[in-house]
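The chain contents come next:
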Amino acid sequence: MPAILFVRITSGLDAQEFERRLLERRPRFRDVPGLLQKVYGRDSATGDVCGIYFFESQEALDAFRETELARTIPAAYEAVEVRREVYEMLYSLRPDRGPFAESGHPTA
C-alpha cells in the first residue's frame, strides 16, 4: 500500500540559506528507492518548510527512515523543531495524475 510522509521543519536559517540547502540535497532524493515524488513547501506566515514524500509502499518509507539521508535532515537544516507524520494512501482525487497514477492502487 502506498505511504505518505509529511515532515515540517522550523529552522533558524534565513529563507535563502534554507533554500540553498534544499537545492543542494535535492538530487540525493532522486536516488531513494521507492520514493515516487517529493513536494517542497513553505508556510509564508511562519517560514516553516515542509516536505511531502510519496512512497510506493510502507516498506520503502521504513527503509528510507533508516538511511543517512533521512537521519541528517534535522542537522542539515539546523532544525529547531521537526514534526513527522506518516499516512497510508487511501485514494486519489484524480487517479490518472500524480505520483500514484501508475501504481494500480484502487481509488474511490
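It should be emphasised that the depicted structure is a prediction, and the values quoted were computed from it without experimental measurement. (Residues numbered from 1 in each chain as written. Predicted model: local features only at pLDDT ≥ 70, side-chain atom pairs only at ≥ 80, totals over all residues. Heavy atoms only, no water.)

Colleague: Explain the pairing of strand 1 (residues 3-11) here, please?
Modeller: Remember that side chains alternate between the two faces of the sheet whenever the strand is regular. Note: strand 1 against strand 3 (residues 49-55), 7 bridges, orientation antiparallel. Along strand 3, the bridge assignment pairs Ala-3 with Phe-55. Alignment of strand 1 against strand 4 (residues 79-88), held across 9 bridges, turns out to be antiparallel. If you follow Ser-11 over to strand 4, its bridge partner there is Ala-79. (Pairing = 2+ DSSP bridges. Helix = DSSP H or I, 4+ residues; strand = E, 2+ residues; numbered from the N terminus.)

Colleague: I would appreciate a short explanation of the nonpolar core in the present structure.
Modeller: What tends to happen in soluble globular proteins is that the nonpolar side chains get buried as a cluster. Ranked by internal contacts, the top residues of the largest apolar core, which has 21 residues, are Phe-29, Tyr-53, Phe-55 and Phe-64. Mapped onto this core, the elements with two or more residues apiece are strand 1, helix 1 (15-29), strand 3, helix 2 (58-65), helix 3 (68-71) and helix 4 (73-76). If one sorts the elements of this core by residue count, strand 1 sits on top with 4 residues. With sequence-adjacent residues up to four places away left out, Tyr-53 is seen in contact with Ala-3, Ile-4, Leu-5, Val-7, Phe-29, Leu-35, Gln-37, Lys-38, Phe-64 and Ile-73. (Core = buried A, V, L, I, M, F, W, Y, C linked by side-chain atoms within 4.5 Å. Buried < 20%, exposed > 50% of the residue type's maximum accessible area, 1.4 Å probe, protein only. Contact = heavy atoms within 4.5 Å.)

Colleague: Explain the sheet that holds strand 2 (residues 35-42) here, please?
Modeller: Either a parallel or an antiparallel arrangement is found when strands of a sheet pair, and the pairing is made through backbone hydrogen bonds. With antiparallel pairing, the 4 strands of this open sheet are ordered in space as 2-3-1-4. Edge positions in the open sheet fall to strand 2 and strand 4, since each of these has one partner strand only. Adjacent strand axes in the sheet meet at a mean angle of 15 degrees when their direction is disregarded. Across the face of the sheet, helix 1 comes into contact with strand 1, strand 2 and strand 3 while running at roughly 175 degrees to strand 2. Here helix 2 sits on the sheet and contacts strand 1, strand 3 and strand 4; the angle it forms with strand 1, its principal contact strand, is near 35 degrees. (Axes fitted to C-alpha atoms, helices over the stretch in contact; angles between N-to-C directions.)

Colleague: Is there a simple way to explain the pattern of salt bridges in this structure?
Modeller: Counted by the stated rule, this structure contains 8 salt bridges. Asp-43 serves as the salt-bridge partner of Arg-8, at 2.9 Å between the closest nitrogen and oxygen. Residue Arg-8 is found in strand 1, and its partner Asp-43 is found in the loop between strand 2 and strand 3; the two are separated by 35 residues along the sequence. Take Asp-43: its relative accessible area is 27%, and that puts it in the partly exposed class. For Arg-21, the salt bridge goes to Glu-78, with nearest N and O atoms at 3.0 Å. Taken together, the positions of Arg-21 in helix 1 and Glu-78 in the loop between helix 4 and strand 4 put the pair 57 residues apart, joining distant regions of the chain. Residue classification places Arg-21 among the buried positions, given a relative accessible area of 16%. What makes Glu-78 partly exposed here is its relative accessible area of 45%. (Salt bridge = Lys/Arg side-chain N within 4 Å of Asp/Glu carboxyl O.)

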